[in-house]
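Listed here are the chains, written in short residue letters.
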Amino acid sequence: MAARSRGTELDLSWISKIQVNQPAVVRRAEQIQARRPVKKEWQVAWLLKAVTFIDLTTLAGDDTFSNIQRLCYKAKYPIREDLLKALNMHDEGITTAAVCVYPARVCDAVKALKAAGCDIPVASVATGFPAAQTHLKTRLEEIRLAVEDGAKEIDVVINRSLVLTGRWEALYDEIRQFRQACGEAHLKTILATGELGSLTNVYKASMIAMMAGSDFIKTSTGKETVNATFPVAIVMLRAIRDFFWKTGNKVGFKPAGGIRTAKDSLAWLSLIKEELGDEWLKPELFRIGASSLLSDIERQIYYHVTGRYAAYHDLPMS
């Protein structure tokens, strides 16, 4: 991970001037989605790069130690070794960027990754994920417990009501407390953009989260009706760019929710490259939150190597 974000003092004068041009954002999103993806070996290279940005995630009510263990093994060995050998990429140390789990499963993930002999960080959702409708004291304690158990990254979710009612100072103060509770762990702030009401609110919430010291801003929990969309992403990326220009502070971006296909991942990488440049195309500043994306990427790589599509049993998740 990159150095911790410094954050800034709250600047409400900046927030008050913000107004997003929605038709222009939608047109830009349509341009990105209309692009023809790269082909053949170029596509494989980009897909292998995409693997290194994935926060491999399980957030299920029936998570157990055994399936966390399998997930961690898959994080260390995301693509079958024979496929990597065919591409001469078997010595490149390709792993996913992190493993993301519920707070109660952090110990399991830390233990499994240690047993696998790798230093992939464990990320934990927290703060009453996904709704954030619990007392602030409880949400802060949840962060501290996850960090105590070994989480190196904390994906917090904001109280949407603070955005919907324009209580920007309260939102800033809350995220500052989340940051403090994280200690040395990195703070990824989930905006739950599908529930913020407008693109202008998305920009304002992004800016507040960065001012408050978030290391990443993240689109969604994956549990909302609307998750990661390109219009929302463009607004968040422009906010990241504006914040960098004004402060010199680089903040990361993480789309999550509904990113399931290799083709999807290529579009997201293209968007980052065009909006923020190659500097952001590294795991320290870009992540993709996903549970099923890796399977489709591996399937496409299998097809490139063998010329046929894999059967389900050829590429088990773990």
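Residues numbered from 1 in each chain as written. Predicted model: local features only at pLDDT ≥ 70, side-chain atom pairs only at ≥ 80, totals over all residues. Heavy atoms only, no water.

A. Spatial organisation of the sheet that holds strand β2 (residues 98-101). Within the open sheet, the eight strands sit side by side as β7-β6-β5-β4-β3-β2-β1-β8. Their pairing is parallel. What marks the edges here is a single partner per strand, and that holds for β7 (252-254) and β8 (288-290). Strand after strand, the sheet turns through a mean of 25° between neighbouring axes, direction not considered. The pairing of strand β4 (residues 153-157) with strand β5 (residues 186-190) spans five bridges and is classified as parallel. (Pairing = 2+ DSSP bridges. Helix = DSSP H or I, 4+ residues; strand = E, 2+ residues; numbered from the N terminus. Axes fitted to C-alpha atoms, helices over the stretch in contact; angles between N-to-C directions.)

B. View of the UniProt feature "active site" (unreviewed entry) in the chain. The feature "active site" (unreviewed entry), as given by UniProt, occupies K218 and K254 in the numbering adopted here. For the annotated residues, spread through 37 residues, the largest C-alpha to C-alpha distance comes to 4.5 Å, consistent with a single compact locus. Structurally, the position occupied by K218 is in strand β6 (residues 216-218). Residue contacts for K218: discarding those within four places in its chain leaves D155, T189, I190, L191, A192, M236, K254 and A256. Owing to a relative accessible area of 0%, K254 belongs among the buried residues under this scheme. Once residues within four sequence positions are removed from consideration, K254 is found in contact with D55, D155, K188, F216, I217, K218, T219, R287, I288 and G289. Within the structure, the side chain of K254 is placed 2.8 Å from the side chain of D155, a separation counted as a polar contact. (UniProt positions renumbered as here; feature names shortened; annotations may be inferred. Contact = heavy atoms within 4.5 Å. Buried < 20%, exposed > 50% of the residue type's maximum accessible area, 1.4 Å probe, protein only. Polar contact = N/O pair within 3.5 Å; in protein donor to acceptor, adjacent residues only side chain to side chain.)

C. Spatial organisation of the side chain of S220. Mapped onto the elements of the fold, S220 is located in the loop between β6 and α11 (230-247). The class of S220 is buried, set by a relative accessible area of 0%. Side chain to side chain, S220 and T219 meet in a polar contact 3.0 Å long. A distance of 3.3 Å separates a polar atom in the side chain of S220 from the backbone nitrogen of A228. In this structure, S220 is in contact with I190, A192, T193, N227, A228 and A256, ignoring residues within four places of it in sequence.

D. Highlighting the pairing of β2. Burial of β2 is two-sided: the residues A98 and C100 facing one way and the residues V99 and V101 facing the other way are all buried. Examined bridge by bridge, strand β1 (residues 54-57) and β2 share three bridges and lie parallel to one another. Residue pairing across strands places T57 opposite C100, the latter belonging to β2. Bridging between β2 and strand β3 (residues 122-126) involves three bridges; their strand directions are parallel. What sits directly across from V99, in β3, is V122. For the handedness criterion, the β-α-β arrangement of β2, helix α6 (residues 106-115) and β3 is classed as right-handed. (Right-handed = clockwise from strand over helix to strand, strands pointing away.)

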